[in-house]
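Now for the letters of each chain:
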Amino acid sequence: MDKYVIGNLKMNLLTQAERDHYLKSFIDEVYKAGKFKSRLIICPPSFHLEKFIDFFRGKKVSVGAQNIYFEQRGSFTGEISALMIKSFGAEWVIVGHSERRRLFGETDEVCNLKLRAALEEKIKPILCVGENLDQRKNDLTFEVVSRQIESALKEVVSTQIDKLIIAYEPIWSVGSDEIPSSDEVMQVKILIRKKISELYSPVLAEKVPILYGGSVKPKNVKQLCLEAGMDGVLVGRESLVPGEFLKIVQSIDKN
Ligand code: PEP
C-alpha cells in the first residue's frame, strides 16, 4: 500500500506574504530534494485552496480542504461545500478533526453527513478518530474509536470504502507534544482494521490506509509511524515548515 504524508496547515499563513513564502520554501526544500515515494497531501485554509491547487498542479502533491459543510449549496453563511472544493480541483477533505469536534461541536452524526457529502462528490475523506485523555485513562480508547468509525461510516457502501483514509489522532496528543508508544498506536491500528473488516470485509479493510496523527516530528516519526506499522502520518504544526515536513517524508520513504 502507498504511504501518505498529509499536512494540515490549520488556521495559519495569515498574509499573502506568509503564504507565498511557504510555497516558495516548499519548492526550495521539498522539490529540490528530488523524487519522493510517499503520496503527499497538503490541506491549507480554505481561503488559500484555489492558489494551492494552481500551485501544486502537475507537481505530485494533492490538495485537500480542512473541512466542508454537508449541504451542497444555499443559505449556509460561512460554509463551503464538497461540490465547491471539487470544482476548484481539491481531491481530499479532512472530516472529524478533533479541533472541529471539540471547538465546533461536531458530533459523530455530523461527521457522517460530511463524509457522505464528500464521497457523493468524489472527494476523498480523511476521517480523524481518537480518544481524549479521560477516555484513555478510563481504558475507553477502543470503545470510542470503534463508535466513531461505526457512526462515520453509516450508510457508506462498500464501493466507497477504498476512497477513504483513516487517521488515528489521540486528542491528547494533537498539538501537545505528548505521544503514545508504538505499541499503543499499533493496537489501535489493528482495532480499526478489525472494525472495517466486520463492517465490510477483510479484503476491503486492507485497502484503507490507516495513518497516525498527533505531534509528529522528524525525531519521532520512526516510533509513531514505522515501528507502529502505520500507512503514513497526518502532520499539523510541523507541516508549516517545509524542511521539517521533508524530513518526515524522507524517513517514511526510506522504509
Ligand atoms: C493535526 O492537526 O491533525 C495534528 C496532528 O496536529 P499536530 O501535529 O500539531 O499535533
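The structure we're discussing is the one just above.
Residues numbered from 1 in each chain as written. Predicted model: local features only at pLDDT ≥ 70, side-chain atom pairs only at ≥ 80, totals over all residues. Heavy atoms only, no water.

A.B. asks: Explain the sheet that holds strand S3 (residues 61-65) to me, please; I cannot follow it from the model alone.
C.D. replies: Each strand in a sheet pairs with another by means of backbone hydrogen bonds, the pair being arranged parallel or else antiparallel. An order of S1-S2-S3-S4-S5-S6-S7-S8 is seen for the 8 strands of this closed barrel, with the pairing classed as parallel. Taken over all neighbouring pairs, the strand axes of this sheet differ in orientation by 25° on average, direction set aside. Note: S3 against strand S4 (residues 92-95), 2 bridges, orientation parallel. Directly across from Ala65, in S4, lies its bridge partner Val93. Each of strand S2 (39-43) and S3 is contacted by helix H2 (residues 49-56), which is oriented at about 170° to S3, the strand it contacts most. Against the sheet, helix H11 (residues 242-254) makes contact with strand S1 (4-8), S2 and strand S8 (232-235), and its axis sits at roughly 165° relative to S1, the strand it touches most. (Pairing = 2+ DSSP bridges. Helix = DSSP H or I, 4+ residues; strand = E, 2+ residues; numbered from the N terminus. Axes fitted to C-alpha atoms, helices over the stretch in contact; angles between N-to-C directions. Contact = heavy atoms within 4.5 Å.)

A.B. asks: Would you explain the layout of surface pockets in this entry?
C.D. replies: A probe as big as a water molecule, rolled over the atoms, marks out the empty space that is left. Its volume calculated, the largest pocket comes out at about 640 Å³. Lining the largest pocket are 24 residues; nearest its centre among them are Lys10, Met11, Gln66, Asn67 and Arg100. In terms of residue count, helix H4 (residues 98-103) provides more of the lining of the largest pocket than any other element does, 3 residues in total. In the lining of the largest pocket, the residues fall into 12 nonpolar, 8 polar and 4 charged. (1 Å grid on protein atoms, 1.4 Å probe; cavity = no way out; pocket = protein on both sides within 12 Å on 5 of 7 lines; lining within 4 Å. Points joined across faces, edges and corners; volume = space filled by probe spheres on them. Nonpolar A, V, L, I, M, F, W, Y, C, P; charged D, E, K, R; others polar.)

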